[in-house]
Amino acid sequence: MKLFIIEDEVPIRKELTHFFEKYGFQCESSDDFHDIAQLALASGADLILLDINLPYQDGFQVCREIRQSSHVPVIVLTSRNTDFDELMSLNIGADDFVSKPYNAQVLLARIQKLLSRAGGAQDSVVLTHKGLTLNLLKAEISHNGQNKKLKKNEMGILRLLMVNKGNIIPRDAIIDDLWQSEEFIDENTLNVNIVRLRKTLAEIGLPDYLETKRGLGYLV
Amino acid sequence: MKVKDYAADHIFSFLCLSVSGLLVFALLWLIETPMVFILFVESILFTAFVCAFLYDYWRRKKYYNQLWEILDRLEEKTLIGEILARPDFLDGQILDEILRRCNKYQNDRLADAEQNRQEYREYLDSWVHEIKTPIAAARLIIENHKNPTTLRIDDELRRIDGFVEQVLYYARSAAVEKDFRVEKTTLQALVNSALKTYSKPLIQAGGRPVFSGLDIPVCADMKSCSFIIGQIISNSIKYRTEGLQVSFSADVEQNAVRLLISDNGIGISPADLSRVFDKGFTGDNGRRYSKSTGIGLYLCKKLCGKMNIGITIQSELGQGTAVTLSFPRESYLQEAGL
């Protein structure tokens, strides 16, 4: 799956690319905003992320140009979170609208939803670390040919830890990550989920996969 | 304008008339003019004076009564100089000229102030949107490099974003135009969106949201409403006791859907309770916790007022605080033809 990012702010472009590459997307972008719509179309991207404030022409213009020759899904990303911009974006053919500062996970979820509707869903989004493979679409972990299904919260926890492999993730950040997907769990529920996740990991032969750093958080 | 008042104002003229009448009388009497003749002369003098007096009175009365009437009817009082007919007597003309110049000056100043305010608001709006880009970039960097340190920076970035939002809504609450977009949603969706924004401080305070029966459809502006609920949640976090719990429950009435947000915090003293929606009011709690700006609830009240949402607060010291938001019901709006 290929994303084309039309964004003139270099740090945002860089971080978005970095973020989506973790989830198995190919990202392309360009610094040449003269003819950015044609560049985006020529790249053969499956989805285009589009900022509104651009040099030479605004994002609305770019979106119109894209729509003249293609039905590729377009998500508008902007800091101008006025209702006018949102309506305008949707009216000229954008498929979704996300205002800054957006939650990257939410953005990812929306991209995946749009892609699956467009019929070109990723057949597998897979994270791999230290011999463990997590399939995000099937909610399945595998190690040495053994597979196990995970519950939603357990997968959320493992996904967060695997995306940030090698880094300690504090407990409050894990709870927060689950809250962002509207699972308003508390400390006790997190404990239960961690115990269950450990058990599942042990069952496929990885008993010490999830490390506890006392007073700091968890780490894979 | 009454004749009596006008006459009292012209007491000097009457005095002069009396003196001159007496002098004429004395003079004519000295040269032995017949009494009938003297009285005739006196009456001519008197009639001439009264005619002049009444004519002047009539002209002024006509003009000033009209002035009063227009002033009463006029909404923009400073425009009176523009629409007034010019009077046909000298002092009125002078006054009219002064009024016109004063009004013009006032109107120019008002227009200047209004334009400054407008430009300031536009600048603020664009500034808010500018600042969101670096905040978004910084948060994305952290998203890609999560560790205990960067996550603490992320907490601070969220606080910055919260303050920036407050600026945006402050500007919005002062604006004359109502830029709200009402859409169909549910109470749960509004509450969830606010909880996501304030997730970190709530989790760190060991807080737990409790929901009951929030799957009720309402028509509301998502962003503004979740901002309001967020402000209320942030107060619950600020003024908490051990084992913070924030409960959200709903209640459907004939014309309104009520969202009740209650906490088990320190509560508000009865003396302060009636003033919590006042701008800049911090009260006992604000002083003790020194984090209060007195803006949050004020903004809630103003935004609610603009969106026709009722907001009330109940509290008992040491027991907790409950804020009720009443959204107009859809059927009620339809009946009203909205």
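What counts, and where the lines are drawn
- Counting of residues starts from 1 at the beginning of each chain's written sequence and follows it residue by residue.
- The lettering of chains begins at A and the numbering of ligands begins at 1, in the order of writing.
- For this predicted model, a pLDDT threshold of at least 70 governs which residues receive local features, and a threshold of 80 or more governs which side-chain atom pairs are given and counted, while totals over whole chains, interfaces and linings are taken from all residues.
- Each side-chain value is derived from all of the structure's non-hydrogen atoms; neither hydrogens nor water enter the calculation.
- Only DSSP runs of H or I reaching four residues or more are called helices, and only runs of E reaching two or more are called strands; each is numbered from the N terminus.
- Per-residue accessibility, obtained with a 1.4 Å probe over protein chains only, is compared with the maximum for each type, and a residue is labelled buried under 20%, exposed over 50%, and partly exposed between these values.
- A patch is a set of surface residues, each over 30% in relative accessible area and not in a salt bridge, joined within 9 Å for like charges and within 5 Å for the nonpolar side chains Val, Leu, Ile, Met, Phe, Trp and Tyr.
- Here the open area of atoms and residues is found with the Shrake-Rupley method and a 1.4 Å probe, where only the protein chains shown may cover a residue.
- Salt bridge, as used here, is a side-chain nitrogen of Lys or Arg placed within 4 Å of a carboxyl oxygen of Asp or Glu.
- An automatic or database domain assignment supplies the start and end points of every domain.
- In this analysis, strands are considered paired if DSSP registers two or more bridges between them.
- For every element, the axis is a line fit to its C-alpha atoms; helices are fit only across the contacting stretch, and the angle between N-to-C directions ranges from 0 to 180 degrees.
- Contacts are residue-level and defined by heavy atoms, with any inter-residue pair within 4.5 Å sufficient.
- Between 30 and 60 degrees the pair is tilted, below 30 it is stacked and above 60 it is edge-to-face, where a pair is any two Phe, Tyr or Trp rings, Trp via its six-membered ring, whose centres lie within 6.5 Å.
- Buried area is understood as the total, over both parts, of accessible area removed when two parts are fitted together, assessed with a 1.4 Å probe.
- Counting of polar contacts relies on pairs of N or O atoms within 3.5 Å, with two restrictions inside protein: one atom must be capable of donating a hydrogen and the other of accepting it, and residues adjacent in sequence are counted only when both atoms are side-chain atoms.
- Under the grouping applied here, Gly and all other residues not named as nonpolar or charged are polar, the nonpolar ones being Ala, Val, Leu, Ile, Met, Phe, Trp, Tyr, Cys and Pro and the charged ones Asp, Glu, Lys and Arg.
- Working definition: roughly parallel below 35 degrees, roughly antiparallel above 145 degrees, roughly perpendicular at 65 to 115 degrees, and oblique for all remaining angles.
- By convention, the crossing between two helices is left-handed when the near helix turns anticlockwise from the far helix through less than a right angle, and right-handed when the turn is clockwise.
- Given the number of residues in a helix, its expected span is that number minus one, multiplied by 1.5 Å.
- Residue types Ala, Val, Leu, Ile, Met, Phe, Trp, Tyr and Cys, when buried and joined through side-chain atoms within 4.5 Å, form a set referred to as a nonpolar core.
- Look down the strands so they point away from you; if the path from the first strand over the helix to the second goes clockwise, the crossover is right-handed.

Even after reading the chapter, I still don't get the overall build of chain B, so can you show me in this structure?
Within chain B, the secondary structure is distributed over 13 helices and 7 strands. Within chain B, buried positions represent 41% of all 338 residues.

Explain a nonpolar patch on the surface to me, please; I cannot follow it from the model alone.
All names here are of chain B. A contiguous nonpolar surface patch, about 600 Å² in accessible area, is contributed by Trp-29, Leu-30, Ile-31, Met-35 and Leu-39. Counting residues per element, the ones that place at least two in the nonpolar patch are helix H2 (11–30) and helix H3 (35–73). Secondary-structure assignment places Ile-31 in the loop between H2 and H3.

Teacher, can you tell me more about the domain arrangement of chain B here?
Think of interface size as the accessible area that goes away when the parts come together; that is how it is often given. We note that the domain assignment places domain 1 (3–107), domain 2 (115–174) and domain 3 (183–335) within chain B. For domain 1 of chain B versus domain 2 of chain B, the separation of C-alpha centres amounts to 67 Å.

Mind showing me how you'd approach the sheet that holds strand S9 (residues 146–149) of chain A here?
Sheet strands pair via backbone hydrogen bonds, and the direction of the pair is either parallel or antiparallel. Residues and elements named next belong to chain A. Strands sit in the order S6-S7-S8-S9 across an open sheet of 4 strands; the sheet is antiparallel. Only two strands of the sheet have a single neighbouring strand rather than two, namely strand S6 (126–129) and S9. In this sheet, adjacent strand axes meet at a mean angle of 20 degrees when their direction is disregarded. When strand S8 (residues 140–143) meets S9, the two strands line up antiparallel, connected through 4 bridges. Of the residues in S9, the one forming a bridge with Ser-142 is Asn-147. Of the strands in this sheet, S6, strand S7 (132–135) and S8 are in contact with helix H6 (residues 152–163), which crosses S7 at around 125 degrees. The strands touched by helix H8 (residues 187–203) within the sheet are S7, S8 and S9, with S9 carrying the most contacts at an inclination of about 160 degrees.

Looking at this structure, I do not really get the packing of aromatic side chains. What am I missing?
Following the criterion strictly, the structure yields 17 aromatic pairs over all chains and no others. Consider the rings of A:Phe19 and A:Phe20, whose centres lie 5.3 Å apart with planes at 75 degrees: the pair is edge-to-face. You can call A:Phe20 buried: its relative accessible area is 0%. In this structure an aromatic cluster arises from ring pairing among B:Tyr6, B:Phe14, B:Phe49, B:Phe53 and B:Tyr57.

Before we go on, may I ask you to explain the sheet that holds strand S4 (residues 245–252) of chain B in this structure?
Residue and element names in this part refer to chain B. The 5 strands are arranged S2-S4-S5-S7-S6 in an open sheet whose pairing can be described as mixed. Edge positions in the sheet fall to strand S2 (208–212) and strand S6 (310–316), since each of these pairs with one other strand and no more. In this sheet, adjacent strand axes meet at a mean angle of 15 degrees when their direction is disregarded. For S4 and strand S5 (residues 256–263), the ladder comprises 7 bridges, and the chain directions are antiparallel. Counterpart to Asp-251 in the pairing with S5 is Arg-258. Running over the sheet, helix H7 (residues 187–197) touches S2, S4, S5 and strand S7 (320–328) and is turned about 175 degrees from S2.

Please clarify how the interface of chain B and chain A should be interpreted in this entry.
Counting residues at the interface gives 36 residues for chain B, matched by 36 residues for chain A. Both sides together, the interface formed by chain B and chain A hides about 3,300 Å², and carbon and sulfur atoms give 59% of it. On inspection of chain B and its partner chain A, the count reaches 4 salt bridges. Two residues, B:Arg158 and A:Asp176, come together in a salt bridge whose shortest N-O distance is 2.5 Å. Counting the contacts that link chain B with chain A gives 13 residue pairs in polar contact (both at pLDDT 80 or more). Taken together, the elements giving at least two residues each to the side of chain B that touches chain A come down to helix H5 (90–144), helix H6 (148–174), H7, helix H8 (199–204) and S2 of chain B. Of all the elements, H5(B) adds the most residues to the side of chain B that touches chain A, at 10 residues. Its residues assigned to classes, the side of chain B that touches chain A shows 14 nonpolar, 9 polar and 13 charged.

Looking at this structure, how should I read the packing of helix H1 (residues 10–22) of chain A against H5(B)?
To describe two helices that pack against each other, one gives the angle between their axes and the distance between the axes. Contact geometry for H1(A) and H5(B): axes closest at 9 Å, N-to-C directions at 30 degrees. Between H1(A) and H5(B), the crossing angle belongs to the class labelled roughly parallel. As for the relative orientation of H1(A) and H5(B), their crossing is left-handed in sense. From H1(A), A:Pro11, A:Ile12, A:Glu15, A:Leu16, A:His18, A:Phe19 and A:Lys22 reach across to H5(B), where they touch B:Thr133, B:Ala136, B:Ala137, B:Leu140, B:Ile141, B:Glu143 and B:Asn144. The class makeup of the residues in the contact of H1(A) with H5(B) is 8 nonpolar, 3 polar and 3 charged.

Help me out: how do you make sense of unusual backbone geometry in this one?
What you tend to see is this: most non-glycine residues have negative phi, and most peptide bonds are trans. A positive phi is found at A:Tyr56, a non-glycine position, where the angle reads about 70 degrees. Checked against the element boundaries, A:Tyr56 lands in the loop between strand S3 (47–51) and helix H3 (59–69). When its relative accessible area of 61% is taken as the criterion, A:Tyr56 is described as exposed. In this model, B:Asn308 sits at a positive phi of 60 degrees, which is unusual for a non-glycine residue. For B:Asn308, the location among the structural elements is in the loop between helix H12 (296–307) and S6.

In this structure, what is going on with helix H5 (residues 104–117) of chain A? I would like to understand it.
Helical geometry note: an α-helix holds 3.6 residues per turn, so side chains three or four residues apart project in the same direction. Residues and elements named next belong to chain A. The end-to-end C-alpha distance of H5 is 20 Å, a good match for the 20 Å that 14 residues give at a rise of 1.5 Å each. Buried within H5 are the following residues: Ala-104, Gln-105, Leu-107, Leu-108, Ile-111, Leu-114 and Leu-115. Capping of H5 at its N-terminal end is provided by Asn-103; its side-chain oxygen lies 2.8 Å from the backbone amide nitrogen of Gln-105. Gly-119 sits one or two positions beyond H5 and adopts a positive phi of about 85 degrees.

Looking at this structure, I do not really get the nonpolar core. What am I missing?
Buried together is how nonpolar side chains tend to be arranged in soluble globular proteins. Membership of the largest hydrophobic core comes to 104 residues, with the highest contact counts inside it found for A:Phe20, A:Leu107, A:Ile111, B:Ile229, B:Leu325 and B:Phe327. Judged by nonpolar contacts, the second largest core, of 21 residues, contains A:Ile6, A:Phe60, A:Val62 and A:Val74.

Just checking my understanding: could you explain the pairing of strand S2 (residues 26–29) of chain A for this structure?
Every other side chain in a regular strand lies on the same face of the sheet, so the side chains alternate between the two faces. All names here are of chain A. Examined bridge by bridge, strand S1 (residues 2–6) and S2 share 4 bridges and lie parallel to one another. Directly across from Ile-5, in S2, lies its bridge partner Ser-29. Read as a crossover between parallel neighbours, the route from S1 over H1 to S2 is right-handed.

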